[in-house]
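Spelled out from the first residue to the last, the chains are:
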Amino acid sequence: PLTDYLPSLSISGVVVQQNNPNIIYVLTGDGDGGNQWAYYVKERSSGVFRSTDGGITWQPTGLNWNRSDAPRYGYKLIQNPGNPAVLLAATSDGVYRTTNGGISWTQELAGDYTDVIFRENNPDWVAAVRYGSSILSKSDDGGDTWTSHTVPNPLGLSTTRHMLATTADRTD
């Protein structure tokens, strides 16, 4: 185990940098660990940590939280396929983006976001989805600006957790 001494033992996202496998990012906290009806509890996030030596040592990035503050949870961490310095984190506190390899982060969307994804053939296209709602947010500039849409629910199903997928065949 390489993360035993991080402030949060649960990891909800791992990114290995495409051009340098010694650089690894982890998003701590387990947003999927349970809910108020479960017998187990979610593990709080301490933010994103970075290793430059293949996971032997870890340093906090600019996205770090004190676990004694209001609880925050991690869901997903992704890296821009065209630019390894750009990462996005979907968290219970919103979608955060870094353009400098984790030194600083900007909250791009507020709210409880459970998934974020780049389109495989267009790294400028990004989408994120909110927990417990039918809100889909989309960006055409790599996550700098966003528009939000309500996703239709033709069957009227009660939904809480949404997941995203893309295909190279779609261009919208």
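This one's a predicted model, so the numbers in the text were calculated from it and none came from an experiment. (Residues numbered from 1 in each chain as written. Predicted model: local features only at pLDDT ≥ 70, side-chain atom pairs only at ≥ 80, totals over all residues. Heavy atoms only, no water.)

Attention now goes to the overall build of the chain. Along its length, the chain carries zero helices and twelve strands. A separation threshold of at least 6 residues defines the contact pool for the chain, and within that pool the share at least 24 residues apart is 43%. (Helix = DSSP H or I, 4+ residues; strand = E, 2+ residues; numbered from the N terminus. Contact = heavy atoms within 4.5 Å.)

Before going further, it helps to spend a moment on the sheet that holds strand 12 (residues 147-150). Ordered in space as 9-10-11-12, the four strands form an open sheet in which the pairing is antiparallel. The open sheet terminates on both sides in strands that have one partner only, identified here as strand 9 (113-119) and strand 12. For this sheet, the mean angle separating the axes of adjacent strands, direction not counted, is 25°. (Pairing = 2+ DSSP bridges. Axes fitted to C-alpha atoms, helices over the stretch in contact; angles between N-to-C directions.)

This brings us to the sheet that holds strand 8 (residues 106-109). As summarised here, the arrangement of the four strands in space is 5-6-7-8, forming an open sheet in which the pairing is antiparallel. This sheet does not close on itself; its edge strands, each paired only once, are strand 5 (74-79) and strand 8. With direction set aside, neighbouring strand axes in the sheet form an average angle of 25°. By the bridge criterion, five bridges tie strand 5 to strand 6 (residues 87-91) in an arrangement that is antiparallel. Counterpart to Leu77 in the pairing with strand 6 is Ala89.

With that settled, the discussion passes to a nonpolar patch on the surface. On the surface, a nonpolar cluster with roughly 230 Å² of combined accessible area is contributed by Ile11, Val14 and Val16. With respect to the helices and strands, Val14 occurs in strand 1 (residues 11-16). Relative accessible area serves as the criterion here: at 53%, Val14 is assigned to the exposed category. (Patch = residues over 30% accessible without salt bridge, like charges linked within 9 Å, V, L, I, M, F, W, Y side chains within 5 Å. Areas by Shrake-Rupley, 256 points an atom, 1.4 Å probe, with all protein chains shown as cover. Salt bridge = Lys/Arg side-chain N within 4 Å of Asp/Glu carboxyl O. Buried < 20%, exposed > 50% of the residue type's maximum accessible area, 1.4 Å probe, protein only.)

This paragraph deals with the pairing of strand 7 (residues 94-98). Of all the five residues making up strand 7, five are buried; the element is thus mostly covered by neighbouring parts of the structure. Note that strand 6 and strand 7 share five bridges and pair antiparallel. Looking at the pairing, Thr91 lines up with Gly94 of strand 7. Counted along the chain from strand 6 to the antiparallel partner strand 7, the turn is two residues long. Here strand 7 pairs with strand 8 via three bridges, running antiparallel. Paired with Arg97 across the two strands is Thr106, which belongs to strand 8.

Overall, the coordinates contain one aromatic pair when judged by the stated rule. Between the aromatic rings of Trp65 and Tyr96, the centroid separation amounts to 5.8 Å while the plane-to-plane angle is 70°, which identifies the pairing as edge-to-face. In this pair, Trp65 sits in the loop between strand 4 (59-64) and strand 5 while Tyr96 sits in strand 7, placing the two residues 31 residues apart along the sequence. Residue classification places Trp65 among the buried positions, given a relative accessible area of 12%. On the basis of relative accessibility, which here comes to 8%, the residue Tyr96 falls in the buried class. The aromatic ring of Trp125 is capped on one face by Arg119, whose charged end is 4.0 Å from the ring centroid. (Phe/Tyr/Trp six-rings, centres within 6.5 Å; stacked < 30°, edge-to-face > 60°. Lys NZ or Arg CZ within 6 Å of the ring centre and 35° of its normal.)

This part is about the nonpolar core. Core analysis: the largest hydrophobic core is formed by 13 residues, its most contacted members being Leu88, Val95, Val116, Ala128 and Trp146. At the level of elements, strand 5, strand 6, strand 9 and strand 10 (122-130) are the ones that each hand at least two residues to this core. Of all hydrophobic cores here, the second largest spans twelve residues; its members include Val15, Ile23, Leu87 and Trp105. (Core = buried A, V, L, I, M, F, W, Y, C linked by side-chain atoms within 4.5 Å.)

Attention shifts here to the pattern of salt bridges. Opposite charge on two side chains permits them to pair, given that their charged atoms come into close proximity. This structure, assessed with the given rule, holds four salt bridges. For the salt bridge of Lys76 with Asp115, the shortest nitrogen-to-oxygen distance reads 3.0 Å. Of the two residues, Lys76 is situated in strand 5 and Asp115 in strand 9; the sequence distance between them amounts to 39 residues. With a relative accessible area of 25%, Lys76 lands in the partly exposed category. The salt bridge involving Asp144 is made with Arg97; its shortest N-O contact spans 3.1 Å. Highlighted residues: Asp144 in the loop between strand 11 (135-139) and strand 12 and Arg97 in strand 7, separated in sequence by 47 residues. Look at Asp144 and you get partly exposed, because its relative accessible area is 42%. Look at Arg97 and you get buried, because its relative accessible area is 12%. The network of salt bridges with shared partners includes Arg97, Glu108 and Asp144.

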